[in-house]
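Below are the chains, spelled out letter by letter.
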Amino acid sequence: MPTLPDADLPDHEVVVDESEPVAPSRRRFFAMGASAVATLAASAAIDAQTGRPRGKPVAKPLPVGAKPNASADWKDPVLRLVRRITMGLEPGEVALARQKGFAGYLNYQLNFSAIDDSAVDALVAARFPLLSQTSAQLKTADGGEVYNQLADAAVFRAMFSKRQLKERMVEFWTDHFNSLYDKIGYLKAADDRTVIRQHALGKFPDMLRASAESAAMLGYLDQASSRKPTPNQNYAREIMELHTLGVDGGYTQNDVAQLSRILTGWSYDGNGVFAFNRSFHDFTAKTFLGVDFPAMPSNATAAQFKSEGDLAITMLVNHPNTARYIATKMARWLLAHEPSAAVVDATAAAYLATGGDIKAMIRTILTGTNLMASPAKYKRPFHLMVSSLRAMAIEVTNIRSTRQRLDAMDMSPFYWEQPDGYPDRISWWSGLTSQRWNWANYISTQNSATNVRLNSTAIFRTPQDTADGVVNQIAVRLFGNEMPASLKTSLLAYLRGGTYTDTRVRETIALAASSHQFQWY
């Protein structure tokens, strides 16, 4: 397992070697990149870049018909499973998975509540105390600090939690029910705790209903202030387009308008708690998805008015197009960017048969046959960062400055502006090669007693402090012993090409983490 910080705060002691390693300069890193990285990173881009905003670097598309195959050496179904349902390989997790076997390890991760994660829970509670507070308590807290603790904890849990599949699904649902911290502020803390984390491996209808009553979502999509006679349609549109039916899910603009009227009154109080505002509600007759909602008397109770919205949400979660839409997104997340129709059909059927049970859908998607037939997926920056931290067994005293490296890779947690969440498309992320190299260079050189540390001696130069020994440890830790022979040859050539020092060892680790093969899972 990666090195978990001491539970008895304050922090553990780390002896810092002031003389080594010497971080290679940016020029030196790219110089070694010219001789080695160019060999390793055989192909960085997959799809042509389209519509990329904010001047992000754009990778050249591969020649027609040329497709990298990062998974060519991935022969072990158990390792493929570990790659897909964890935030990155690390020897302890790999050993556990091999001990339990494919089905046993999947069941182990699905039954997450039986996994003892108390050590991580205790550290999160101690280091990020704002996250356990209610919205009412956070109203007067420093918003910047609330954000930092929320973002730090996301990386911290992804790195250290034993409930790795849950962390992968937390990332998935965070994007599915995206809300921008910059707009909703401290309300995001409760949303993350009571909507996303609570239901990540539960039932989808429960999560949708929790999201629909989340102050963060109601504020982000302007539902909280929506009122008769001209309701705001943002939430009504996105709950169908992005949360349930999908953009081609069979609804019309009139359905959006009708649902926005049905949902008038869904709001929250001054403490960030859901509250129905009956004075906002449109109680006249509506028709939504072909179902009539009769007019209600003006003196009906708030609960009676709200029940219209509850019924509409029930219609959405029971709709077959919701089953297909959620099945498609989950199959893309866990299996392949383009899952087969058979997998989507089976997963949608599992949704309908189980009332949207997320575990049942995962079992349908993640069979050994499906995994072995699926191409590798490209790591998004968050995944790349956490998988590096886990593989290198980085010692963490304070994760903040390291987590902020996500800003340079354009994936700051909870900062995607649009309601569709960070893309799960290689075409979006494949143009960030230099930022990925910078990340690998940064993390491999860290040796801080106050932030993070790569203990290269203990992790990579033991038990054999030679070029062969280091590369063998890289093969085990970063690639689960499924490192291509060509990559091993290149790393050995670099490590033997100069004086053997800790600096050169760390440069070799950086090259491995920069390699084409490490960008995939």
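Residues numbered from 1 in each chain as written. Predicted model: local features only at pLDDT ≥ 70, side-chain atom pairs only at ≥ 80, totals over all residues. Heavy atoms only, no water.

Focus: the overall build of the protein
Assigned secondary structure in the protein consists of 27 helices and 6 strands. Buried residues in the protein amount to 58% of all 521 residues. In the protein, once contacts between residues fewer than 6 apart in sequence are set aside, the share between residues at least 24 apart is 74%. (Helix = DSSP H or I, 4+ residues; strand = E, 2+ residues; numbered from the N terminus. Buried < 20%, exposed > 50% of the residue type's maximum accessible area, 1.4 Å probe, protein only. Contact = heavy atoms within 4.5 Å.)

Examining helix α17 (residues 358-365)
Each turn of an α-helix holds 3.6 residues, which means side chains three or four residues apart point in the same direction. Inspection of α17 places I358, A360, M361, I362 and I365 among the buried residues, and these make up the whole buried set. Its side-chain oxygen placed 3.2 Å from the backbone nitrogen of K359, D357 serves as the N-cap of α17. (Polar contact = N/O pair within 3.5 Å; in protein donor to acceptor, adjacent residues only side chain to side chain.)

Overview of the packing of aromatic side chains
Applying the stated criterion across every chain, the model contains 19 aromatic pairs. For the pair F479 and F518, a centre-to-centre distance of 6.1 Å together with 80° between the ring planes defines the contact as edge-to-face. With F479 in helix α25 (residues 467-479) and F518 in the segment after α27 (502-514), this pair connects stretches of sequence that are 39 residues apart. Side by side, F479 and F518 carry an identical accessibility label, which is buried. When the ring centre of Y521 is taken as origin, the NZ or CZ atom of R84, which lies over that ring, is 5.5 Å away. (Phe/Tyr/Trp six-rings, centres within 6.5 Å; stacked < 30°, edge-to-face > 60°. Lys NZ or Arg CZ within 6 Å of the ring centre and 35° of its normal.)

A look at the pattern of salt bridges
In the structure shown here, the tally under the stated rule is 23 salt bridges. For R83, the salt bridge identified is with E482, shortest N-O distance 2.9 Å. Linking R83 in helix α2 (residues 77-85) with E482 in the loop between α25 and α26 (485-496), this pair joins segments that are 399 residues apart in sequence. With respect to burial, R83 and E482 carry one shared label: buried. Residues D310 and K306 are paired through a salt bridge, measuring 2.9 Å at the closest nitrogen-oxygen approach. (Salt bridge = Lys/Arg side-chain N within 4 Å of Asp/Glu carboxyl O.)

Comments concerning helix α14 (residues 302-317)
In this model, α14 (16 residues) spans 23 Å end to end at C-alpha, consistent with the 22 Å of a helix rising 1.5 Å per residue. Among the residues of α14, those classed as buried are F305, K306, E308, G309, A312, I313, M315, L316 and V317. (Expected span 1.5 Å × (residues − 1).)

Considerations on the side chain of T264
Mapped onto the secondary structure, T264 falls in the loop between α13 (253-262) and β1 (266-268). Within the structure, T264 has its side chain in polar contact with the backbone nitrogen of D282 (distance 2.8 Å). In contact with T264, not counting residues within four places along its chain, are Q223, S226, R227, K228, P231, F276, F280, H281 and D282.

Topic: the environment of L259
Positionally, L259 belongs in helix α13. For L259, a relative accessible area of 2% translates into the label buried. Note: C-alpha distance between L259 and K286 (27 residues apart in sequence) is 8.4 Å. Once you skip the residues sitting within four places of it in the chain, L259 turns out to touch A236, I239, M240, F288, A312 and L316.

Quick notes on the nonpolar core
In this structure, M169, W173, L259, M330 and I362 are the most contacted members of the largest nonpolar core, which totals 80 residues. In this structure, M169 is in contact with A200, L201, M330, W333, L334, I358 and I362, ignoring residues within four places of it in sequence. (Core = buried A, V, L, I, M, F, W, Y, C linked by side-chain atoms within 4.5 Å.)

Thoughts on the confidence of the model for the protein
The predicted model of the protein has a mean per-residue pLDDT of 90, with 87% of residues at 70 or higher. Counted against residues more than four places away or in other chains, residues 6-23, with its pLDDT under 50, gives 31 contacts. Under a pLDDT of 50 for its full length, residues 37-66 has, in the predicted model, 61 contacts with residues more than four places off or in other chains. (pLDDT = per-residue confidence, 0-100.)

With respect to the packing of helix α23 (residues 433-444) against α27
Closest axis-to-axis distance for the α23/α27 pair is 8 Å, and the angle between their directions is 145°. In the packing of α23 onto α27, the handedness of the crossing is right-handed. Contacts from W437, A440, N441 and S444 of α23 reach α27 at R506, I509, A510, A513 and S514. A breakdown of the residues in the contact of α23 with α27 according to their chemical character gives 5 nonpolar, 3 polar and 1 charged. (Axes fitted to C-alpha atoms, helices over the stretch in contact; angles between N-to-C directions. Left-handed = near helix turned anticlockwise from the far one by under 90°. Nonpolar A, V, L, I, M, F, W, Y, C, P; charged D, E, K, R; others polar.)

Let's talk about unusual backbone geometry
Here the amide bond leading from K228 into P229 is cis, since omega sits at 0°, within 30 degrees of zero. You can see P229 is positioned in the loop between α11 (215-220) and α12 (234-243). At the junction of T462 and P463, the peptide bond is cis and its omega measures out at 10° in the coordinates. With respect to the element layout, P463 can be found in the loop between α24 (456-459) and α25. Look at D222: it is not a glycine, yet its phi comes out positive at around 65°. Assignment of secondary structure puts D222 in the loop between α11 and α12. The phi dihedral of F414 is positive, around 65°, even though this residue is not glycine. Following the sequence through the fold, F414 ends up in the loop between α21 (405-408) and α22 (426-429).

Thoughts on the side chain of S135
Counting through the fold element by element, S135 comes out in helix α5 (residues 135-138). With residues near it in sequence (within four places) discarded, S135 still touches Y186, L187, A190, N271 and G272.

Notes on the packing of helix α7 (residues 164-176) against helix α15 (residues 320-334)
Put simply, α7 and α15 touch, their axes get as near as 11 Å, and they point 130° apart. Relative to α15, the element α7 lies oblique. In this structure, α7 meets α15 at a crossing whose hand is right-handed. On α15, the residues that touch R168, M169, E171, F172, W173 and H176 of α7 are Y325, I326, K329, M330, W333 and L334. Class assignment of the residues belonging to the contact of α7 with α15 gives a composition of 8 nonpolar, 1 polar and 3 charged. (Parallel < 35°, antiparallel > 145°, perpendicular 65-115°, else oblique.)

Let's talk about the environment of Q519
Mapped onto the elements of the fold, Q519 is located in the segment after α27. In this structure the C-alpha to C-alpha distance between Q519 and K377, which are 142 residues apart in sequence, comes to 8.6 Å. For Q519, the contacting residues outside a window of four places in its chain are K377, Y378, K379, L384, R436, A513 and S514. Polar side-chain contacts of Q519 include one of 2.9 Å to the backbone oxygen of S515.

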